[in-house]
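# Examining the three-dimensional arrangement
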Amino acid sequence: LDCLQKLYYNENVYRVDRNSRSFRELTQVGLECIGSIDLCCQWEVLSLAAQSLEEISPDWVLDVSNLGLLSDLIDALGIPVEKKPQALELIGGKNLHELTRNCQSWGVSQENISILRRAVCACGDPVAVLPELKALLSGLVDTAPLDELMTITSAIGGGNLRFDLSVVDDLHYYNGIVFKGFVSGIPQSVLSGGRYDKLMDRMGRRAGAIGFAVYTDLLERLEEQGAPYDVDVVLLYDDRADPELLGRYLAQAREKQETVMLQRNIPENIRYQRLEEIKNGEVTVLENHA
């Protein structure tokens with residue numbers, strides 16, 4: 001396809017849980033770019049992924065790799081084809097001990113094991129890491145994907161972008177750039193994506209494709225952490241409280257977009273930012289946790 005189709009979606013999807021082998025429902029929002037994919041398309045999608053994470057939290061990281069490059073490296077180092085899925089799983093977990101032990105049992109030379117270990121540990125600022133990795137892998141695999149990643153990541157800039165060769169995904173699905181996004185407070189990726197031309201091939205379509213999804217169901221944990229209070233203000237009143245005065249207080253709170261709970265006594269198990277008391281026509285702040 002010479003044209004490009006740029007789509008977005010917001011829907012529920014279903015995946016098979018690796019542990020229970022049962023289906024689980026996920027809520028996600030994402031985008032896809034399908035057609036003649038070039039460097040600019042990949043930059044645009046990766047930029048939108050970074051911007052999405054920035055909207056979610058100021059404390060975010062986007063890890064980027066190239067699964068095609070990693071697949072070629074595994075082949076070049078002499079790891080048997082049938083062992084590639086196992087090797088990818090160990091690389092994804094940065095399990096260097098088991099990776100080394102298995103490579104030895106698969107007949108991989110000590111020199112190649114050393115190269116693989118160094119490559120798997122290649123992680124950090126793309127400006128620093130990519131040239132070093134290119135020097136390490138030159139002569140073993142085509143390093144053009146590293147040049148592309150350097151161009152893309154340099155155009156995006158910022159200190160939240162990292163290169164990490166251990167970012168892996170399904171080889172039957174992805175074939176090039178892959179990436180995962182993380183935010184502080186959630187112990188797993190909230191964003192995932194990459195280049196998936198192989199899926200298009202399986203669907204009988206001669207086209208490139210790249211996209212990502214944000215797992216909005218995971219963001220509920222972030223919302224819970226970001227709201228430490230059940231209510232902004234607990235306002236204590238007694239029998240002599242003037243309803244008109246209470247009404248004016250509540251109207252002012254609405255203008256400030258504050259939530260207020262009226263109580264005669266301090267409630268149990270309620271998290272509040274401020275505790276205030278209205279008495280003799282005046283409001284007094286008793287506690288303020290802001």
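Above: the structure in question.
Let us look at the structure shown here.

Cut-offs and rules
- Residues numbered from 1 in each chain as written.
- Predicted model: local features only at pLDDT ≥ 70, side-chain atom pairs only at ≥ 80, totals over all residues.
- Heavy atoms only, no water.
- Pairing = 2+ DSSP bridges.
- Helix = DSSP H or I, 4+ residues; strand = E, 2+ residues; numbered from the N terminus.
- Axes fitted to C-alpha atoms, helices over the stretch in contact; angles between N-to-C directions.
- Contact = heavy atoms within 4.5 Å.
- Expected span 1.5 Å × (residues − 1).
- Buried < 20%, exposed > 50% of the residue type's maximum accessible area, 1.4 Å probe, protein only.
- Arc of directions from axis to C-beta.
- Polar contact = N/O pair within 3.5 Å; in protein donor to acceptor, adjacent residues only side chain to side chain.
- Core = buried A, V, L, I, M, F, W, Y, C linked by side-chain atoms within 4.5 Å.

## Considering the sheet that holds strand β9 (residues 231–236)
Pairing in this open sheet of four strands is mixed, and the strands run β10-β9-β11-β12 from one edge to the other. Edge positions in the sheet fall to β10 (260–263) and β12 (282–288), since each has one partner strand and no second. Between one strand and the next, the sheet's axes are offset by a mean angle of 25°, whatever the strand orientation. On top of the sheet, helix α10 (residues 243–255) reaches β9, β10, β11 (272–279) and β12; it is set at about 160° to β10, its chief contact.

## Description of unusual backbone geometry
The backbone phi angle of Lys94 is positive, close to 50°, even though this residue is not glycine. Along the chain, Lys94 falls in the loop between α3 (84–92) and α4 (96–105).

## Regarding helix α6 (residues 126–137)
Taking 1.5 Å per residue as the helical rise, α6 with its twelve residues ought to reach 16 Å, and the 16 Å between its terminal C-alpha atoms agrees with that figure. Three or more residues of α6 are buried, namely Pro126, Val129, Leu130, Leu133, Leu136 and Leu137. Buried residues of α6, viewed axially, fall in a sector of 125°; they line one side. Seen from the open side of α6, the exposed residues pointing more than 90 degrees away from its buried face are Val127, Glu132 and Ala135. Two to three positions downstream of the cap, the backbone nitrogen of Val127 sits 3.0 Å from a side-chain oxygen, assigning the N-cap of α6 to Asp125.

## Concerning the pairing of strand β2 (residues 23–35)
The side chains of a regular strand alternate between the sheet's two faces. Sheet analysis places strand β1 (residues 4–16) next to β2, joined by 13 bridges and oriented antiparallel. Bridging across to β2, Leu7 finds its partner in Glu32. By the bridge criterion, eight bridges tie β2 to strand β8 (residues 208–215) in an arrangement that is antiparallel. Counted as the bridge partner of Gln28 is Tyr215 from β8.

## Some words on the nonpolar core
Leu62, Leu99, Leu116, Phe163 and Phe179 are the most contacted members of the largest nonpolar core, which totals 72 residues. In this structure, Val233, Leu235, Leu246 and Tyr249 belong to the second largest nonpolar core, which totals six residues.

## Looking at the environment of Leu161
Secondary-structure assignment places Leu161 in strand β5 (residues 161–164). When its relative accessible area of 5% is taken as the criterion, Leu161 is described as buried. Each C-alpha atom of the pair Leu161 and Leu48 lies 13 Å from the other, and the pair is 113 residues apart in sequence. Discounting chain neighbours no more than four positions away, the residues touching Leu161 are Leu62, Val64, Gly124, Asp125, Pro126, Thr153 and Ile156.

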